Amino acid sequence: MKSALPHSIDYSRDLNPAQLEAVTASGGPVLVIAGAGSGKTRTIVYRVAWLVEQGVDPSSILLLTFTRKAAEEMLSRAAMLVEGSLAQVSGGTFHSTGNLLLRRHAGRLGFETSFSIMDQSDSIDAYEHLRKSLAGPVTDLKSFPRARTIAEVVSRAKGTQTSVQDSLEYRYPHFAHAAGLVEKIAGEYDGYKRLNNLMDYDDLLLHTIRLLEEHDDVRADVSAKWQHILVDEYQDTNRLQARMLVLLASDNGNVMAVGDDSQSIYAFRGADFHNIMEFPELFPGTRIIKLEENYRSTAPILAVTNSIIERASVGYPKRLYTRQGGGPLPLAARPMDERQQSRFVVQCVKELTDHDIPIREVAVLFRAGYHSFDLETELARNSIPFVKFGGFKFVESVHIKDVLAHLRVTANPADRLSWTRILKLLPGVGVKTAMKLADRIAGDGIPSDAGELLPRGGKYLQEIQKVLDLVRHLKESDESLANKVDRVNQYYYPHLMENYDNYPKRMKDLEHLADLTVRYRSLNRFLNDMALEPPDQDRTGSDQRSTSLVLSTIHSAKGLEWQTVILIWAAEGRIPSPMALDSPDELEEERRLLYVAATRAKHNLVILSPRTMMDRTRGISQVRASRFVEEIPQEYFRGLSFD
DNA sequence: CAAACAACCTTTTTT
DNA sequence: AGGTTGTTTG
């Protein structure tokens, strides 16, 4: 796509003084504290353009963002400003950057470069195997943490650079007695991954750090290649990412980190907003620039959001202000129950579209994916199109994982995890048999005759033969990726129909998966993306996105903005999440979450706090509005009061 | 050792 | 409402 001919940029016209200072900063570390809606993205985009205008080679710029999509969007905006292509600018997440380096240099660490990336559920599966094999007559698994818990605790320990024991005691004090065994499993887990040529998300950071720390030639190369590093959403990085950044920038120290401590919402995965506070210590000589003018929201909305965050006990002091005086007061309302809330939302949306507000300018936000289930049915009833972001992920559904496992073993034959998954699908094959066979196949390769695996025959030899033939074909054939996926799908459909009542829906998902491959020419790229940059779950296709209402978790709404934001379930028991109640830190994060939600709104903000909630154990119960909402002076709202 | 069934609990949030 | 875990049966 050809954009309009770039004209020379008038930086001082397009930017305010603080933004200009950040954009035109010379080398050395810079920390930009960018309040919500203060033109953070604009600043990064202009910074890239400015660097290129100054003669910096685009291929020596690295843009680290939360998703690759965010990076691409920024780069395409920057490309409209400057002449020439910015295609050579590297952009992505810390994880994808780590992946890139490890695909090249993993050999230096004694790894194959053909390693597969485990997602969270793969890790849990692996822990489950180890946990079971550990269980003997001595170990009572009932008073022992579940695989899921182990995965969380160990990952947290790595991300926060603390011991497994501390991490366990912090999060699950009642399992403190199991610390020794959990540590043992954590060690076995590392061995398991190595044996199977696997890396999990943490490894992509840990091994990259190790690579750069232990191999100075690699570190020198890499850090010399990227002369300028820009990091977005720095408040959501963890200690590993900070360490990785130091190494990546070790040649020149040209790092610009942009973030807002008030919007730090990823502590649960080890992110620590202290990172942003400590950036100046990590990079001595840091210049700190604050962006405090808000361009997004009206004054009445800012009054509410400032009120939410001023009660927080964090960070860099800053005061957001705006020159946009007008606009309606935010609306707070208390529907009787969830049904009423859903109807209220539908009513709002209809009114807005009647007033010619494009529906894509409206978003409904919520704390957790399942909070919108009732609304989704109500929207469908009223034929209001919507797309949903966040919550359960497409690639993590069982059927997608099953099909992907067949492809994964062709890329990485040592992957026993995937082999086991594949074999367990066969009739008459359970965990034991599957693991035994997986071990044989991963060690000795795919036998041409299944009989070699089961010398004594067995009823299901034919089935095993079939899947072995399938995988061998996938491996050797040079047909397109889409064809291969389709081949696996065809093989898999009977299993689907036999085991799931909703198989038509799942079959559609699998067709969608095959469609996704069309953009890829390499299987490895495809598999990496499925693990690192999973596609949005909407099946509707991207054209529809512009004509649909957005439903999103607050986490997935980060960095985005809408003319109207409707926050649902702003009630106790939802925000703050009950899981956060015991910890002051987590409670603070819930407050910031509400802050992030409210600051997405440009003109209209609607906050709904139903009076009752359905709970499986307690049935219907009365609930109060969220404590964070009750604290806001009521004169900042129009609408009902909170009692 | 696998399959079928019942209980269960989980369920923040995501790379 | 879903998958997961435990129990029983074959």
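Before reading on, note that the structure itself is shown above.
All of these numbers come straight from a predicted model, not from anything done at the bench.

(A) Geometry of the environment of alanine 176. Following the sequence through the fold, alanine 176 ends up in the loop between helix H8 (164-171) and helix H9 (179-195). Spatially, the C-alpha atom of alanine 176 lies 9.9 Å from that of proline 145, the residues being 31 residues apart in sequence. Ignoring anything within four residues of it in the chain, the contact list for alanine 176 reads Leu168 and Glu169.

(B) Just the sheet that holds strand E6 (residues 228-231), in detail. The strand order E3-E2-E6-E7-E1-E8 describes an open sheet built from 6 strands, whose pairing is parallel. Two strands bound the open sheet, and with one partner strand each, they are strand E3 (90-92) and strand E8 (287-291). Averaged over all neighbouring strand pairs, the angle between strand axes comes to 10°, with direction disregarded. Each of strand E2 (61-64) and E3 is contacted by helix H4 (residues 68-79), which is oriented at about 140° to E3, the strand it contacts most.

(C) Structural view of helix H15 (residues 338-354). The terminal C-alpha atoms of H15 lie 24 Å apart, and with 17 residues this matches the ideal 24 Å at 1.5 Å per residue to within 8%. A positive backbone phi angle near 65° is found at aspartate 356, which sits one or two residues after H15.

(D) A look at the pairing of E6. Here E6 shows no split at all, with His228 and Leu230 on one side and Ile229 and Val231 on the other all buried. As paired elements, E2 and E6 share 4 bridges and run parallel to each other. In the strand pairing of E6, isoleucine 61 is matched with histidine 228. As paired strands, E6 and strand E7 (residues 255-259) are joined by 3 bridges and run parallel to one another. Across the sheet, the residue bridging to valine 231 is alanine 257, located in E7. You can see the chain leave E6, run along helix H12 (residues 239-248) and come back into E7, and the turn it takes is right-handed.

(E) Structural context of the packing of helix H7 (residues 147-160) against H8. Packing of H7 against H8 leaves a shortest axis separation of 8 Å and a crossing angle of 115°. The crossing of H7 and H8 is right-handed. Note on element contacts: H8 touches H7 through Val164, Ser167, Leu168 and Arg171, opposite Val153, Val154, Arg156, Ala157 and Thr160. Among the residues making up the contact of H7 with H8, the classes are represented as 5 nonpolar, 2 polar and 2 charged.

(F) Main features of the nonpolar core. Val32, Val48, Leu63, Ala78, Ile229 and Val231 are the most contacted members of the largest nonpolar core, which has 113 residues in total. One finds Ile308, Val550, Leu593 and Val596 within the second-largest nonpolar core, a separate group that totals 51 residues.

What counts, and at which threshold
- Residues numbered from 1 in each chain as written.
- Chains lettered and ligands numbered in written order.
- Predicted model: local features only at pLDDT ≥ 70, side-chain atom pairs only at ≥ 80, totals over all residues.
- Helix = DSSP H or I, 4+ residues; strand = E, 2+ residues; numbered from the N terminus.
- Contact = placed C-beta atoms within 7 Å.
- Pairing = 2+ DSSP bridges.
- Axes fitted to C-alpha atoms, helices over the stretch in contact; angles between N-to-C directions.
- Expected span 1.5 Å × (residues − 1).
- Buried ≥ 20, exposed ≤ 12 C-beta atoms within 10 Å, placed from the backbone.
- Right-handed = clockwise from strand over helix to strand, strands pointing away.
- Left-handed = near helix turned anticlockwise from the far one by under 90°.
- Nonpolar A, V, L, I, M, F, W, Y, C, P; charged D, E, K, R; others polar.
- Core = buried A, V, L, I, M, F, W, Y, C linked by C-beta atoms within 7 Å.

None of this, on its own, says anything about what the molecule does.
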